[in-house]
Every structure is written in C-alpha cells, then in structure tokens.
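One-letter residues, chain by chain:
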Amino acid sequence: MDHDILALLGDVRSVAARPGFRVEPADHNGLTEYHALRHDAFVDRQGLFDRHDLDDRDTDPRTVVLLARDAAGTVLGGVRLGPVDDGPDLGWWQGGRLVVAPGSPHGTGTALVRAACARAESEGALRFEATVQACNERMFSRIGWSSVRPVTVAGTDHMLMRWPIDRIAALARSAKSALGPLLHGLTGVPGFVGDDGVPVPGSDLVAACDAIIPSMVERDPEWAGWCSVLVNVNDLAAMGAEPVGLLDALGARDASFASRVLSGLKRASTAYGVPVLGGHTQFGVPASLSVTALGRTEHPVPGGGGVAGQQVWLTADLSGNWRPGYTGRQWDSTSGRRPPELRDQLGAVARARPAAAKDVSMAGIAGSLGMLAEASGCGAVLDVASVPRPDGATVGDWFTCFPGFAMLTAGAPAPAHGAVTAACGELVPGSGVQLRWPDGELTPAVTGGVTGLGES
C-alpha cells in the first residue's frame, strides 16, 4: 500500500530504492518453506548433515524464526534465534541456520542478520552469538560482529561470532558519564565522593537530594510524587542512615496539578514514616519536582568502601510489576507494600554494616555496581545467572531498569523483609564491569569508570 502511495506522489526515487523483499516473523507455511531451503542448502548442496538439519532448537517454543519474503510472498531466506540454555532465559541468545535462496536480491542475508540482532536485543538479550561458516565471516564482520574463536560444526570450519550489545554501557553513558568533568572541584566529602547521600561535616546528619524528570512529573504526577520520596529514602538507606525528614520544591502550572503531585508525595511520606518538614511551591511554571532528605547515622556506609576480592550481594524486592506506562524501565515493588515492610527494607544496610553499599538507581544493576566499583578503585564481575530477577522481566530490562528497592553491597549481605538476597559477583582489580555467564565467558558491560568521579 505505501509503495502505491509513493508512486501516486511521484516519488520515483523512493520507489526504486525500496528493497525487493521484507523481513518478518515466520508463520506456519513460511516455516515449511524455510525448512525446505535449509534442507536444500545444508543437506543436499553442502552435505553438512546426512538426512536433515533439524534439532531441538526447532521445537523449542522460545525459538524465533525470521523470514525474508519477496513482493509475491515467496520465502527468499530465513534465520532462527533463541535462548541458548534449556532453563530460564538468561539473556544469552544464539542465532543460526541462516539460509538464502540462490538468486535472491543482494543484501538479503545481511538484512536477515540485522533483523535477528534487533530482535535479540528487543527480547532482552545481553549476549548474542552465532557460529558462522568461515566463508561468511567477512559479511558478519562488515556489519559489526566480532570474531571470538574458531569452532567446528558438522565437520566444517566455523567461527564463533558475537554481536556487541551496548545497552548497559549506553545507559551508563547517558545517565552518569558527564558527572566527573562537570562536578570536578565543586562537591564532595572525602571518602564519600560519588555517593548519592553525603554526611554533613561535624554532625551525624546525612543529606540527599534528587530531582524527578520533568516529563515524568507532567505525565504521571501522583507517581512522580511517590518516587520523589522513594529515591531519596533509598539514597539514605544505602548509607545506613535512618530518614528523619523531607523538604520538597515543586513547580506546577496551577494548584490542581500541584495537588496531584503532592498527593503522591504525601502518600509515600506516610508509608515510609518520614515527615515533610517544609519546602517551596511555585505556580504558573513548567512541571518540576525535587526533594531533599535528611537522615541520621553515626556510622555512614560509603559507596566506595569496597576492595578487590570482596563478594558482591544484591538484595532486591521482586514483588510487584512494571509500572503502567514504564514497562522495561521502572519496576514498582513499593506502592503495594505495607509501611512496616518498607521501613524494614530501609534499615537493611544499617543492620548489616557492609564495607560498601549502593542503591540501584537509574544506571541499573550493572551500572550501579560500576559506580560502587569505581568509587572503590576497582572493577567488578557480575554473575548473570545469580542475580535475583522477577519472572516478569527479561535480563536486559532488569539489568537496566530502576527497581523499587534494590541494594548492592560488598563485604556483607544486607537482607530485608520481602526481598531476595544473593551473592552475585565480586570486586576485582581493574575497572569497569564484566558479565560472567554460565559457561564461564566474560563479556564487557561497562568499560572504565561510570561517572568519571574516580575513587572516593
């Protein structure tokens, strides 16, 4: 239809530039044609298999098959992809059985590979690989794949290749990488540089301050009010401080809108048992919201107190679900919790007194671990299979989302009511964060420091 519209508009160049095929998920008939193409290529012509090339991946319901079809609907080629392990999907996917019919338009195979990469990432994969026949290694390299090591498949030389998934590093860059140069020489208490909260010199007070993204305030004012309390009390909790009060600064177009924001803020203030001491409200301005929280502790836990060799634990509340409108980005475990449960979670780090602690923030689990490691002057390894994760979240989403309550600690675990605690990695010499997979392979998640603030 859009082809016809372009023609009617006289856009001859766009019509001529359109590829002679489209890539789409396979239906039943398409699978039959795809399997026939595979048999012709891998059994009849190449002799890689004796009778057929079908295997368990073809019957795995999680396997995705993408097809290239011409304008008439004829299958020109296909590729399959899906999780490597038979158990829970750990975000490790593999592509394979790429086939293109003889005489197909130039670029059909490349388009299928690119579509497979996009689909794997959309399914939450953080590791995507394929065993590629040696003759196809150059094509994969040309579109960005990296060669890992030679392997043998069906008695034929292949190359294990990996698609570089930059999701975690990209999040860390966008959220935190500008902080070091921007804040150099401006703020910081020795030993707590990079912490979300900071001890007030000469006292037992700890102060924290967070602003909510204006678009979120505008779009979901009640939830923004709740989150303005949540993120601040989590920052205090990560330092082992007991919250004692809040100050809010609110900008709103009118009193009606302001009341919606403040209703969420008040509800969270009551649930966490932290009073709003005062603040400032401005009408007739674009939506904005920031909250300052004050807490007390005589023994603040730094985010940079870890040392290489220490084990890393994650304590996370897996209850709840994605916040409506924020699927894949914000997990809401807190709004359905009772006040005693919320307060117990806030006290987890204070009870445990670990060497270092960091609440999981907008940088996600891997990025927040990178911040803890950076402030500690070392790197970190995160065991993918050991990270507690709710059933309703893919690995890619869970590792990069903002969870309601999640704490990373080094040197000691910090269990809390209603949360799951598990050892999930360790601090190591060097810098950055690597993901460790069930086969022992390490893949980079964050290279170098996350914030640029350096060691605390």
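As the structure is a computational prediction, the values presented were derived from the model and not from experiment.

### Some thoughts on the overall build of the protein chain
Helix and strand content of the protein chain: 15 helices and 21 strands. Taken across its 456 residues, the protein chain has 49% of its residues classed as buried. Residue pairs at least 24 apart in sequence account for 74% of intrachain contacts in the protein chain once pairs closer than 6 positions are excluded. Accessible surface, the protein chain as shown: approximately 20200 Å² in total, 55% of it carbon and sulfur.

### Some points on the environment of Ala268
Counting through the fold element by element, Ala268 comes out in helix H11 (residues 255-272). The residues contacting Ala268, other than those within four sequence positions of it, are Trp226 and Val229.

### A few points about the pattern of salt bridges
With the rule as written, the count across this model stands at 31 salt bridges. Overlapping salt bridges bring together Arg38, Asp53, Asp55, Asp58, Arg80 and Arg97 as one network.

### Digging into the nonpolar core
Within the largest apolar cluster, 66 residues are counted, with the highest numbers of intra-cluster contacts made by Phe128, Trp145, Leu314, Leu382, Trp398, Phe399 and Leu435. With residues near it in sequence (within four places) discarded, Phe399 still touches Leu126, Ile168, Gly364, Ile365, Ala366, Leu382, Val384, Val387 and Leu435. Grouped together as the second largest cluster of nonpolar side chains are 47 residues, Val206, Leu265, Ala271 and Ala357 included.

### What to know about the sheet that holds strand E7 (residues 156-163)
Strand pairs in the sheet, formed through backbone hydrogen bonds, run parallel or antiparallel to each other. The strand order across the open sheet built from seven strands is E1-E2-E3-E4-E5-E7-E6, with neighbouring strands paired in mixed fashion. Of all the strands in the sheet, just strand E1 (21-25) and strand E6 (146-153) have a single pairing partner and so form its edges. Here the strands of the sheet are splayed against their neighbours by 25° on average, with no regard to which way each runs. Sheet analysis places strand E2 (residues 64-70) next to strand E3 (residues 75-83), joined by six bridges and oriented antiparallel. Along E3, the bridge assignment pairs Leu66 with Val79. Relative to the sheet, helix H3 (residues 28-45) contacts E2, E3, strand E4 (92-100) and strand E5 (127-133), its axis offset from that of E4 by approximately 75°.

### Some remarks on the state of the cysteines
For the structure shown, the criterion picks out zero disulfides. Take Cys117: it sits in no disulfide, and the sulfur closest to it among the cysteines is that of Cys135, at 18 Å.

### Considering the packing of H11 against helix H12 (residues 339-346)
At a minimum axis distance of 8 Å, the contact between H11 and H12 shows a crossing angle of 75°. For the element pair H11 / H12, the angle class is roughly perpendicular. Contact residues: Thr270, Ala271 and Tyr272 in H11; Pro339, Leu342, Arg343 and Leu346 in H12. Its residues placed into classes, the contact of H11 with H12 shows five nonpolar, one polar and one charged.

### Examining the packing of helix H10 (residues 221-238) against H11
Orientation of H10 relative to H11, taken along the N-to-C sense of each, is 40°, at an axis distance of 6 Å. By the criterion of interaxial angle, the relationship of H10 to H11 is oblique. Crossing handedness for the pair H10 and H11: right-handed. Contact residues: Pro221, Glu222, Gly225, Trp226, Ser228, Val229, Leu230 and Val233 in H10; Phe257, Arg260, Val261, Ser263, Gly264, Leu265, Arg267, Ala268, Ser269, Ala271 and Tyr272 in H11. Partitioning the contact of H10 with H11 into residue classes produces eleven nonpolar, five polar and three charged.

### A few points about unusual backbone geometry
Backbone phi values are negative for most residues with the exception of glycine, while trans is the configuration of most peptide bonds. Look at Arg97: it is not a glycine, yet its phi comes out positive at around 50°. Position of Arg97 relative to the elements: it lies in strand E4. Relative accessible area serves as the criterion here: at 18%, Arg97 is assigned to the buried category. A positive phi is found at Arg353, a non-glycine position, where the angle reads about 50°. Residue position: Arg353 is located in the loop between helix H13 (348-352) and strand E16 (356-359).

### Comments concerning helix H5 (residues 108-122)
Compared with an ideal rise of 1.5 Å per residue, which puts 15 residues at 21 Å, H5 spans 21 Å between its outermost C-alpha atoms and is within 8% of the ideal. Listed in full, the buried residues belonging to H5 are Thr108, Gly109, Thr110, Leu112, Val113, Ala116, Cys117 and Ala120. Looking one or two places after H5, you find Gly124, whose phi comes out positive at around 90°.

### Remarks on the packing of aromatic side chains
Taken as a whole, this structure holds seven aromatic pairs when the rule is applied. Judged by centre distance (5.1 Å) and plane angle (85°), the rings of Phe140 and Trp145 are edge-to-face. Pair check on accessibility: Phe140 and Trp145 agree, each one buried. Measuring from centroid to centroid gives 6.1 Å for Trp226 and Tyr272, while their planes differ by 50°, and the two rings are tilted. Here Tyr272 lies in helix H11 and Trp226 lies in helix H10, a separation of 46 residues in the sequence. Taken as a pair, Trp226 and Tyr272 share a single burial class, namely buried. Here the aromatic cluster, defined as three or more aromatic residues joined through ring pairs, consists of Phe128, Phe140, Trp145 and Trp163. The ring of Trp92 carries the charged tip of Arg127 above its face, separated from the ring centre by 3.9 Å. If you follow Arg219 out to its NZ or CZ, it ends over the ring of Tyr326, 4.7 Å from the centre.

### Quick look at the sheet that holds strand E19 (residues 420-428)
Read from one edge of the open sheet, seven strands run E16-E18-E13-E19-E17-E20-E21, paired in mixed fashion. Whereas interior strands pair on both sides, the edge strands pair on one side only; in this sheet they are E16 and strand E21 (442-446). Put simply, the sheet's adjacent strands are angled 30° from each other on average, direction ignored. Contacts from H10 reach E16 and strand E18 (406-410) within the one sheet, and its direction differs from that of E16 by about 170°.

Calculation notes
- Residues numbered from 1 in each chain as written.
- Predicted model: local features only at pLDDT ≥ 70, side-chain atom pairs only at ≥ 80, totals over all residues.
- Heavy atoms only, no water.
- Helix = DSSP H or I, 4+ residues; strand = E, 2+ residues; numbered from the N terminus.
- Buried < 20%, exposed > 50% of the residue type's maximum accessible area, 1.4 Å probe, protein only.
- Contact = heavy atoms within 4.5 Å.
- Areas by Shrake-Rupley, 256 points an atom, 1.4 Å probe, with all protein chains shown as cover.
- Salt bridge = Lys/Arg side-chain N within 4 Å of Asp/Glu carboxyl O.
- Core = buried A, V, L, I, M, F, W, Y, C linked by side-chain atoms within 4.5 Å.
- Pairing = 2+ DSSP bridges.
- Axes fitted to C-alpha atoms, helices over the stretch in contact; angles between N-to-C directions.
- Disulfide = S-S within 2.5 Å.
- Parallel < 35°, antiparallel > 145°, perpendicular 65-115°, else oblique.
- Nonpolar A, V, L, I, M, F, W, Y, C, P; charged D, E, K, R; others polar.
- Left-handed = near helix turned anticlockwise from the far one by under 90°.
- Expected span 1.5 Å × (residues − 1).
- Phe/Tyr/Trp six-rings, centres within 6.5 Å; stacked < 30°, edge-to-face > 60°.
- Lys NZ or Arg CZ within 6 Å of the ring centre and 35° of its normal.

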